[in-house]
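Here is how the chains run, residue by residue.
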Amino acid sequence: MAKGEYTLTVGLEIHAELNTETKMFCNSKNDPDELRPNQNICPVCMAHPGTLPVINHQAVKHVLKVGMALGATLADYTEFDRKNYFYPDIPKGYQISQYEYPLVSGGSLNGVAITRVHLEEDTARSSHDAASGTTLIDYNRAGVPLMELVTEP
């Protein structure tokens, strides 16, 4: 292939953990500094059968404030989607996220066009020990609210 036949086109996805009192869809404490494993968990963030998520209103307000600062369009309707993954650090086997109907659409930051800003939940934390060949999972982070800002390419 000839040099210059392709043009590099890059868009960014930037995640920010939101500083809320509780996790994205339950009342478990949102404490990223907790060192004791599996202290801030409950049946909802651990995906026990029969549990139902309830949205964190504080997280929604944070994202809408970001949208206002970006000069973006704020949604009058939004919904969440399931992104299916099979990883040991996602207790549900899927991540609750937004795609088609995000809270924030458009806007710009320092001349960079923004596609959308949406909410989703974080995964747990895996710790790998190469010497023993074991992996431990700490679910304290599972369900922590994340804001994802997606730029235009």
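Counting starts from 1 at the beginning of each chain's written sequence and moves along it residue by residue. Since the coordinates come from a predicted model, pLDDT governs what is reported: local features require at least 70, and pairs of side-chain atoms require 80 or more to be given and counted, while whole-chain, interface and lining totals use all residues. Each side-chain value is derived from all of the structure's non-hydrogen atoms; neither hydrogens nor water enter the calculation.

### Things to note about a nonpolar patch on the surface
Alright, step 1. Only residues above 30% relative accessible area that lack a salt bridge enter a patch, with like-charged residues linked at up to 9 Å and the nonpolar side chains Val, Leu, Ile, Met, Phe, Trp and Tyr linked at up to 5 Å. A 1.4 Å probe and the Shrake-Rupley method give the accessible areas. Residues count as covered only by the protein chains that appear here. Basic side-chain nitrogens of Lys or Arg form a salt bridge, by our definition, when they fall within 4 Å of a carboxyl oxygen of Asp or Glu. Taken together, the side chains of Leu8, Val10, Leu12 and Ile14 make up a nonpolar region of the molecular surface, amounting to roughly 410 Å² of accessible area.
Alright, step 2. Looking at the element boundaries, Leu8 is found in the segment before strand 1 (13-17).
Alright, step 3. We classify Leu8 as exposed; its relative accessible area is 76%. Numbering of helices and strands runs from the N terminus; a helix is a DSSP stretch of H or I covering at least four residues, while a strand is a stretch of E covering at least two. Buried means the residue's accessible area, taken with a 1.4 Å probe over protein chains only, is under 20% of the maximum for its type, while exposed means over 50%, and partly exposed covers the values in between.

### A short note on the environment of Val117
Alright, step 1. Tracing the sequence through the fold places Val117 in strand 7 (residues 112-121).
Alright, step 2. The class for Val117 is buried, based on a relative accessible area of 0%.
Alright, step 3. Residues Val117 and Pro88, 29 residues apart in the sequence, show an inter-C-alpha distance of 27 Å.
Alright, step 4. Two residues qualify as a contact provided that any one of their heavy atoms is within 4.5 Å of a heavy atom in the partner residue. When neighbours within four sequence positions are excluded, Val117 is seen to be in contact with Val63, Leu70, Pro102, Leu103, Val104, Met147, Glu148 and Leu149.

### Regarding the pairing of strand 8 (residues 125-129)
Alright, step 1. Two strands form a pair only when DSSP identifies at least two bridges running between them. Judged from the 5 bridges that link them, strand 8 and strand 9 (residues 134-138) form a sheet pairing that is antiparallel. In the strand pairing of strand 9, Arg125 is matched with Asp138.
Alright, step 2. The turn linking strand 8 back onto strand 9 is made up of 4 residues, and Gly133 within it adopts a positive phi angle of 75°.

### Describing the side chain of Arg116
Alright, step 1. Looking at where Arg116 falls in the secondary structure, it is placed in strand 7.
Alright, step 2. No salt bridge is formed by the buried Arg116; the nearest opposite charge belongs to Glu13, separated by 5.0 Å.
Alright, step 3. Within polar-contact distance, the side chain of Arg116 engages the side chain of His118 at 3.5 Å.
Alright, step 4. Setting aside residues up to four positions removed in sequence, Arg116 forms contacts with Tyr99, Pro102, Val104, Ser105, Glu148, Leu149 and Val150. As used throughout, the charge tally considers Lys and Arg to be positive and Asp and Glu to be negative, leaving His and the chain termini uncounted. Two N or O atoms form a polar contact when they lie within 3.5 Å of each other; inside protein one atom must be a possible hydrogen donor and the other a possible acceptor, and for residues adjacent in sequence the pair counts only when both atoms belong to side chains.

### Re the packing of aromatic side chains
Alright, step 1. Only Phe, Tyr and Trp rings take part, Trp by its six-membered ring, and two of them pair if their centres are within 6.5 Å. Stacked means planes under 30 degrees apart, edge-to-face means over 60, and tilted covers everything else. Following the criterion strictly, the structure yields 3 aromatic pairs and no others.
Alright, step 2. When the centroid spacing of 5.3 Å and the interplanar angle of 80° are considered together, the rings of Tyr77 and Tyr101 count as edge-to-face. Of this pair, Tyr77 sits in the loop between strand 2 (73-74) and strand 3 (81-84) while Tyr101 sits in the loop between strand 4 (94-97) and strand 5 (104-105), and the two are 24 residues apart along the sequence.
Alright, step 3. A relative accessible area of 47% means that Tyr77 is categorised as partly exposed.
Alright, step 4. Judged by its relative accessible area of 33%, Tyr101 is partly exposed.
Alright, step 5. Each ring, one from Tyr85 and one from Tyr87, has its centre 5.7 Å from the other, and the planes form 20°; the classification is stacked.

### Here we look at the pattern of salt bridges
Alright, step 1. Enumeration according to the criterion identifies 4 salt bridges in this entry.
Alright, step 2. Among the salt bridges present, the one from Lys92 reaches Glu121, with a minimum N-O distance of 3.0 Å. In this pair, Lys92 sits in the loop between strand 3 and strand 4 while Glu121 sits in strand 7, placing the two residues 29 residues apart along the sequence.
Alright, step 3. Of the charged contacts in the structure, one is a salt bridge between Asp122 and Arg141, with a shortest N-O distance of 3.4 Å. Taken together, the residues Asp122 in the loop between strand 7 and strand 8 and Arg141 in the loop between strand 9 and strand 10 (145-151) connect sequence positions 19 residues apart.

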